[in-house]
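Coordinate analysis (summary)
For reference, the chains in residue letters:
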Amino acid sequence: MKLIHTDALIIGGGLAGQRAAIGMRRRGLHPLILSLVPAKRSHSVAAQGGMQASLGNCAKGEGDSEDVHFEDTVRGSDWGCDQIVARMFAHMAPKAAREMAAWGVPWSRVRSGEHRVVINGQPVTLLEREAAHGLITARDFGGTRKWRTCHTSDGTGHALLYAVSDRVIAESIPVHDRKEALALIHDGRRCHGAVVRDLVSGELAAYLAGATVIATGGYGRIYGVSTNALINEGMGAALALETGVARLGNMEAVQFHPTAIVPAGILVTEGCRGDGGLLKDVDGYRFMPDYEPDKKELASRDVVSRRMAEHMRRGKGVRSPYGEHLWLDITGLGAEHIDKNLREVKDICQYFLGIDPAREYIPVRPTQHYSMGGVRTDHSGQSPWLAGLFSCGEAACWDMHGFNRLGGNSLAETLVAGMLVGESVADYCASAEAEAGCATALAREFLEREQAELAAIARGRGNEAAVALRRRMETVMTDSVGLFRNGPALAAAVDELADLLRRSRHLAMRCQRLDANPELVQAYRLPRMLKVALTVALGALQRTESRGAHFREDFPARDDRHWLNRTLASWRPGDALPTLDYEVLDVMHMELPPGFRGYGVRNIVEHPLTALRQAEVDELREARLDRHALQSQLMAFKQYLPKRYRGRNARLDEPLP
């Protein structure tokens, strides 16, 4: 048996996992990162538009603060988020952006004087302050009241991941790539590491660790078309689910991005619309102002995606061999702007569509994009049910996104959550609780179990094909658990997915090799993907309301009276379906009580305590305290932050005292 010991095991080599590892290393630990691919090819590299941080430097960002960012995030979540976590996040985001600048990220910067931008389809001249010259600038993104999205043209994820990866190398943190975690090693109370498979040799090893962090990204590839990388199959969520102890949160909360190109499904950034791009229909008509006259193309992503789908349902879509789509028009931005600020978009359009976006419309339609659900953790990033198991980034339901994520908040979250979880893991490993002693016998038991299961799969003589079952799963999820949902379709989806899970245990294997065998990899991942898909479908079936990205045509109201809660999914050994529980959100401890998001018509079943909490909030606001004192009275959050991060953020209009 091959044993590898480390202080902390990070499963996932993207931004969140790498930033967490750096934090641990700086606290004296020796972490180790596992990655399916070379770390600089992790899916974080694909993020284009930017990360939100309330720096308030540019002209359209003046007056921004943690308060405004927090409120935008809560409204964007449709009041489904943990407001303590949203506060921690908004407070930390400026620190993360400035840290990245210190690490060499070439942020786009403010240039003083006049410059021309496109707002609401019209050219506008803005005047930037001399005092802001050279500071980090920002662009507009959907669902925000200020221009807050810091960017490096449209290659922000690339710049961030390379800077953080270089820092990992500088800190001498080992990265074991082309390795896949197959199972978490645990005793029902505490996680001790993972059984890991080498994707080249097929060799299994047990990695024993004081703490284990799941940072594997989302689960978009359970859908037929997704902007996610091919590696985003939900294996991190499946690892936690298959413990039978840890739980997943809000798995039915799946976001669709409005502008993925047709037919490839590759994302073109929200920065296109933030910089002034327009959505148009088959007639070349700009339709979003008819649906959302205030925010138009820059309404929240879930809203824009549904409005696009509604417009196509009305016969206004563009017909193509690959299905209906709409147009994204960025020609009004001009070739110079596109060449400078939307370079990746131009390359994507040229290489995958054969068009020049400075002169031609881009064919787009809503496509699965982001997973708000994930491994349920507390504010520190640790599972409340399995000690020593942590999660961060898109793999986690930490829960700052609730039922819809604002654009730009995910890149910021990877860094912020990585910073905070790195500290939490270091604190945990320093505690007596982490003294687990020798888990060698337990590791041997799990490793032998996984070895036997792989051998059994490889010897499969059933009559099912993994490729066919997976394609059917993708079709079911896309057709029945997508942008619009209804009870009968969801019930049928749950039944069929459960049948696909049963059938996935009877695969016919043509290649029985246990080393580099793609057929084997697909065979052992398929049942796990189906389990993740079932948590999504069953959660969506049970949640009889519409909230954020979860939209039920048969229950169009947001029902705070009955559904102001978080879905928790677990899977008991031997069960055919996941078990769902619910975690209530406490209105009386919310800084921002539930209200109207501002899109469409108000359709809310009010919580009985909302009015009472709103009265308390209004009374505190009438005391005319400064914003910091008021915030601490409304909802204390700094006690949950490491002391090193509790200090205020400086801005041009708000210097430190």
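Since the model is a prediction, treat every value here as computed from it, not as a measurement. (Residues numbered from 1 in each chain as written. Predicted model: local features only at pLDDT ≥ 70, side-chain atom pairs only at ≥ 80, totals over all residues. Heavy atoms only, no water.)

Digging into the sheet that holds strand β16 (residues 374-376)
Read across the sheet, five strands follow the order β18-β16-β11-β20-β21 without closing on themselves; strand pairing throughout is mixed. Two strands lie at the open edges of the sheet, namely β18 (396-397) and β21 (579-584), each paired on one side alone. Looking at chain direction, strand β11 (residues 248-249) and strand β20 (residues 565-570) are connected through two bridges and run antiparallel. The residue bridging Leu248 from the neighbouring strand is Ala569, located in β20. Across the sheet, helix α15 (residues 518-542) is in contact with β11, β20 and β21; its angle to β21 comes to roughly 60°. (Pairing = 2+ DSSP bridges. Helix = DSSP H or I, 4+ residues; strand = E, 2+ residues; numbered from the N terminus. Contact = heavy atoms within 4.5 Å. Axes fitted to C-alpha atoms, helices over the stretch in contact; angles between N-to-C directions.)

Observations regarding the pattern of salt bridges
Overall, the coordinates contain 64 salt bridges when judged by the stated rule. Between Arg148 and Asp72 there is a salt bridge; the shortest N-O distance is 2.9 Å. Taken together, the residues Arg148 in the loop between β5 (122-128) and β6 (149-150) and Asp72 in helix α2 (residues 66-76) connect sequence positions 76 residues apart. Across the pair, exposure class does not vary: Arg148 and Asp72 are buried alike. The partner of Asp653 in a salt bridge is Arg129, and the shortest N-O contact between them spans 3.0 Å. (Salt bridge = Lys/Arg side-chain N within 4 Å of Asp/Glu carboxyl O. Buried < 20%, exposed > 50% of the residue type's maximum accessible area, 1.4 Å probe, protein only.)

Observations regarding the pairing of strand β4 (residues 113-119)
Of the pairings in the sheet, the one linking β4 to β5 comprises seven bridges and is antiparallel in character. When the sheet's bridge partners are listed, Glu114 is paired in β5 with Leu127. Here β4 folds back onto β5 in antiparallel fashion, the turn holding two residues, of which Asn120 has a positive phi close to 55°.

Some details on unusual backbone geometry
With omega at 10°, the peptide bond leading from Val262 into Pro263 counts as cis. Here Pro263 shows up in the loop between β12 (254-261) and α6 (271-274). In this structure, Asp78 is a non-glycine residue whose phi angle is positive, near 55°. Within the secondary structure, Asp78 is located in the loop between α2 and α3 (83-102). By relative accessible area, Asp78 is classed as buried at 7%.

Section: the packing of aromatic side chains
As enumerated under the stated definition, the model contains six aromatic pairs in all. Ring plane angle 55° and centroid distance 6.1 Å describe the contact between Trp327 and Tyr361, whose orientation is recorded as tilted. Of the two residues, Trp327 sits in strand β14 (residues 326-329) while Tyr361 sits in the loop between α10 (343-353) and β15 (362-371), which places them 34 residues apart along the sequence. Note on Tyr361: relative accessible area 30%, which makes it partly exposed. Judged by centre distance (5.7 Å) and plane angle (85°), the rings of Phe484 and Phe551 are edge-to-face. Within this pair, whereas Phe484 is found in the loop between α13 (466-480) and α14 (487-503), its partner Phe551 is found in the loop between α15 and β19 (558-559), the two being separated by 67 residues in sequence. Owing to a relative accessible area of 13%, Phe484 belongs among the buried residues under this scheme. Classification of Phe551 as buried rests on a relative accessible area of 18%. Above the face of the Phe70 ring, Arg87 is positioned so that its terminal group lies 4.5 Å from the ring centre. It is Arg313 that lies over the ring of Phe484; its NZ or CZ is 4.1 Å from the centre. (Phe/Tyr/Trp six-rings, centres within 6.5 Å; stacked < 30°, edge-to-face > 60°. Lys NZ or Arg CZ within 6 Å of the ring centre and 35° of its normal.)

By themselves, these are just geometric observations and shouldn't be taken as functional.
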